[in-house]
Amino acid sequence: MKSKQMALCGLLTALAVVMMVLAGAMGIGTFVGPVLAVAALLPALEEYGPKAAALTYAAAAILGLLLVPEPELAMVYAAFGWYPILRPWLNRLLPSRPLRVLVKLALSTAVILLLYGVLLRLLGMTADLLGASALFNLTLLVLGDMIFLLTDRALERLAVLWHRKLRKRFFR
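Okay, the overall build of the protein chain next. From N to C terminus, the protein chain includes nine helices and zero strands. Helices (α) and strands (β) of the protein chain occur, in sequence order from the N terminus, as α-α-α-α-α-α-α-α-α. A compact globule built from 172 residues would reach a C-alpha radius of gyration of about 16 Å, and the protein chain, at 17 Å, matches this within 12%. If you line up the protein chain on its principal axes, its C-alpha atoms span 55 × 40 × 25 Å.

Shown next, in the form of C-alpha cells:
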C-alpha cells in the first residue's frame, strides 16, 4: 500500500512542478501556475491525508524553486502551497462562514505581505513595486486576496469533483 501512496505522491509532485514550469515558460501569470499546482495536491490530501500532502507540497516547492524559470512564481507556490492542507482544518475549526472568510483573508494578506516583503527587501525582485503608488500596491493586495478566495472556492469544488467523479477513474 505504501508503494501506491509513494507513486501517486511522486506523480502529483511532478505534475505540480510541470504546471509551474509551463506557466513560467508561457508567461501566463505568476498566480495561475501556483493555483494549478496547488490543485494537484488535492488527490494526495483526499486519499492519504495531510502528512502525504505536506510531503508532496514540500517536494514540489523545493523542485519548483530549483527548476521553475520564473523565481517569483516558485516563491508564490512555496508561500501558498500549504493552504490546501490547512483548509479542511480551518473549515472544521470555524463553523461560521463570515468568520471563516475573515480569517482566510487575514491569513492571505499576511502571507502576501510577508512574501513580497521577502521578495522586495531580501531578494531585490519585483523592485518596480517599490516605486509604485500606494494605491496601486493596495489594489494589487486586494486582487491577490480575491484570487486567494477564488482559489479557496475552487479547491472546495475540486474536492467534491474528486470524490464524486474522478476518484473512481483512478482507483478501481
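Tracing the backbone through its elements, the reader meets Glu47 in helix 3 (residues 42–48). For Glu47, the side chain forms a polar contact with the side chain of Trp162, separated by 2.9 Å. Non-local contacts of Glu47, meaning those with residues more than four positions away in its chain, are made with Trp162, Arg167 and Phe171.

We now examine the packing of helix 5 (residues 71–80) against helix 7 (residues 97–122). Taken N-terminus to C-terminus, the directions of helix 5 and helix 7 make an angle of 140°; their axes are 10 Å apart at the nearest point. At the point where helix 5 passes helix 7, the crossing takes the right-handed sense. Residue-level contacts link Glu72, Met75, Val76, Ala79 and Phe80 of helix 5 to Ser108, Val111, Ile112, Leu115, Tyr116, Val118 and Leu119 of helix 7.

For the rest of this paragraph, the subject is the packing of helix 6 (residues 83–93) against helix 7. The contact between helix 6 and helix 7 brings their axes to 11 Å, and the two run at 150°. As judged from the angle between their axes, helix 6 and helix 7 are roughly antiparallel. Considering how the two elements wind past one another, helix 6 and helix 7 form a crossing that is right-handed. Of the residues in helix 7, those in contact with Tyr83, Leu86, Arg87, Leu90 and Asn91 of helix 6 are Arg100, Val103, Lys104 and Leu107. For the contact of helix 6 with helix 7, the per-class residue count stands at five nonpolar, one polar and three charged.

Ala16, Met20, Tyr57, Tyr77, Phe80, Leu115 and Tyr116 are the most contacted members of the largest nonpolar core, which totals 34 residues. Those elements that provide at least two residues to this core are helix 1 (2–26), helix 2 (32–39), helix 3, helix 4 (50–67), helix 5, helix 6, helix 7 and helix 9 (134–170). It is helix 5 that provides the largest number of residues to this core, a total of seven residues. Sequence-distant contacts of Leu115, that is, excluding residues within four places in its chain, are made with Met75, Val76 and Ala79. Ranked by size, the runner-up nonpolar core spans eight residues in total, among them Leu8, Cys9, Leu12 and Ala52.

Let's shift gears to helix 9. A maximum bend of about 50° is found in helix 9 at Trp162. Where helix 9 is buried, its residues meet helix 2, helix 3, helix 5, helix 6 and helix 7.

The tally for this structure, following the rule as stated, stands at five salt bridges. With its nearest N and O atoms 2.9 Å apart, the salt bridge here joins Arg87 to Asp152. Linking Arg87 in helix 6 with Asp152 in helix 9, this pair joins segments that are 65 residues apart in sequence. Residue classification places Arg87 among the buried residues on the basis of a relative accessible area of 10%. With a closest N to O distance of 3.9 Å, Glu156 and Arg87 form a salt bridge. Of this pair, Glu156 sits in helix 9 while Arg87 sits in helix 6; the two residues are 69 residues apart in sequence, bridging distant segments of the chain. Here Glu156 falls in the partly exposed class, since its relative accessible area comes to 30%. Each of Arg87, Lys104, Asp152, Arg153 and Glu156 takes part in a single network of salt bridges with overlapping partners.

Analysis parameters
- Residues numbered from 1 in each chain as written.
- Predicted model: local features only at pLDDT ≥ 70, side-chain atom pairs only at ≥ 80, totals over all residues.
- Heavy atoms only, no water.
- Helix = DSSP H or I, 4+ residues; strand = E, 2+ residues; numbered from the N terminus.
- Rg over C-alpha atoms; globule rule 2.2 N^0.38 Å.
- Polar contact = N/O pair within 3.5 Å; in protein donor to acceptor, adjacent residues only side chain to side chain.
- Contact = heavy atoms within 4.5 Å.
- Axes fitted to C-alpha atoms, helices over the stretch in contact; angles between N-to-C directions.
- Left-handed = near helix turned anticlockwise from the far one by under 90°.
- Parallel < 35°, antiparallel > 145°, perpendicular 65-115°, else oblique.
- Nonpolar A, V, L, I, M, F, W, Y, C, P; charged D, E, K, R; others polar.
- Core = buried A, V, L, I, M, F, W, Y, C linked by side-chain atoms within 4.5 Å.
- Buried < 20%, exposed > 50% of the residue type's maximum accessible area, 1.4 Å probe, protein only.
- Bend = angle between axes of the 7 residues up to and from the residue.
- Salt bridge = Lys/Arg side-chain N within 4 Å of Asp/Glu carboxyl O.

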